[in-house]
Amino acid sequence: LFNASLEGKAIKVHEDVNIGLAVALEEGLIVPVIRRVNGMTLGQIAKVRQELLDKARGKKLTLDDLSGGTFTVSNLGQFNIEFFTSIINPPETAILSVATMKERPVVIEGKLAIRHTVNVGLSADHRVVDGAMAASFLQDLQRLLEDPYVMFQI
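My aim in this report is to walk through the structure given alongside it, one point at a time. (Residues numbered from 1 in each chain as written. Predicted model: local features only at pLDDT ≥ 70, side-chain atom pairs only at ≥ 80, totals over all residues. Heavy atoms only, no water.)

1. Focus: the pattern of salt bridges
Rules: Criterion for a salt bridge: a side-chain nitrogen of Lys or Arg within 4 Å of a carboxyl oxygen of Asp or Glu. Secondary structure is summarised from DSSP: a helix means a run of H or I of at least four residues, a strand means a run of E of at least two, and numbering begins at the N terminus for each. For each residue, the accessible area found with a 1.4 Å probe, counting protein chains only, is set against the maximum for its type, and the residue is called buried under 20%, exposed over 50%, and partly exposed in between.
Within the structure shown, the criterion is met by 8 salt bridges. Across the pair Lys 55 and Asp 65 runs a salt bridge, and its minimum N-O distance is 2.7 Å. Here the residue Lys 55 occupies a position in helix α1 (residues 42–57), and Asp 65 occupies one in the loop between α1 and β6 (71–75), the gap between them amounting to 10 residues. For Lys 55, a relative accessible area of 29% corresponds to the partly exposed category. Asp 125 serves as the salt-bridge partner of Arg 127, at 2.7 Å between the closest nitrogen and oxygen. The buried category is assigned to Asp 125, whose relative accessible area is 13%. Each member of the salt-bridge network shares a partner with another, and the members are Glu 82, Lys 102 and Arg 104.

2. Comments concerning the side chain of Ser 74
Our working definition: Any pair of residues with heavy atoms lying within 4.5 Å of one another is described as a contacting pair.
Within the secondary structure, Ser 74 is located in strand β6. Its relative accessible area of 10% is what places Ser 74 among the buried residues. The contact partners of Ser 74, leaving out residues within four places of it in the chain, are Ala 22, Phe 84, Ser 86, Ile 95, Leu 96, Ser 97 and Val 98.

3. Quick notes on the pairing of strand β7 (residues 94–108)
For the record, the criterion: Pairing between two strands is assigned when DSSP locates at least 2 bridges connecting them.
Of the strand pairs in this sheet, β6 and β7 are connected by 4 bridges, and their pairing is parallel. The residue of β7 that forms the bridge with Ser 74 is Ser 97. As defined by bridge partners, β7 adjoins strand β8 (residues 111–124) across 13 bridges and the pair is classed as antiparallel. Looking at β8, one finds that Arg 104 is bridged to Arg 115. What sits between β7 and β8 in their antiparallel hairpin is a turn of 2 residues, with Glu 109 showing a positive phi close to 50°.

4. Regarding the side chain of Ser 97
Applied cut-off: In the analysis that follows, any N or O atom pair within 3.5 Å is treated as a polar contact, provided that within protein one partner can donate a hydrogen and the other can accept it, and provided that, for residues neighboring in sequence, both atoms belong to side chains.
Considering the arrangement of structural elements, one finds Ser 97 in strand β7. A polar contact is formed between the side chain of Ser 97 and the side chain of Ser 86, at a distance of 2.7 Å.

5. Remarks on the pairing of strand β3 (residues 19–25)
A regular strand places its side chains on the two faces of the sheet in alternate fashion. Judged by how many residues are buried, β3 sits mostly within the fold: 5 of 7 residues are covered. Pairing analysis gives 3 bridges linking β3 to strand β4 (residues 28–30), with the strands arranged antiparallel. Pairing of Leu 25 across the sheet is with Gly 28, part of β4. In this antiparallel pair of consecutive strands, β3 and β4, the connection spans 2 residues.

Rendered as structure tokens:
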């Protein structure tokens, strides 16, 4: 349901996952879209992401580059922001906010350690998903980020 949109009173779940990347330019915020992420490798996603960022900075994005997103990621880490709340891009159901990565003290197996951590937030349209589903989404994301090898065990 996080890859869905509300169309009138109906919820439409999209087959393709099209991730919008919020990009801050001097002129303002734009959201180019990486299409069909669900059919790409991590390397392919990284390549398309860089191409879109280069097009955005060069002011060469087309309307097609900016449309069709089904879920957006906003990253303000480069601004040293530790937490923020993003506003959903209609008609999407949710947007993920990613803050800066910092070294922080954490307790691991009863011992104090310094680890890199990042705060993320999720804004969700409660007409489509509820808070429990959002919490579950964030739990799954946390599990994957803390142990990315889990993705290969499917």
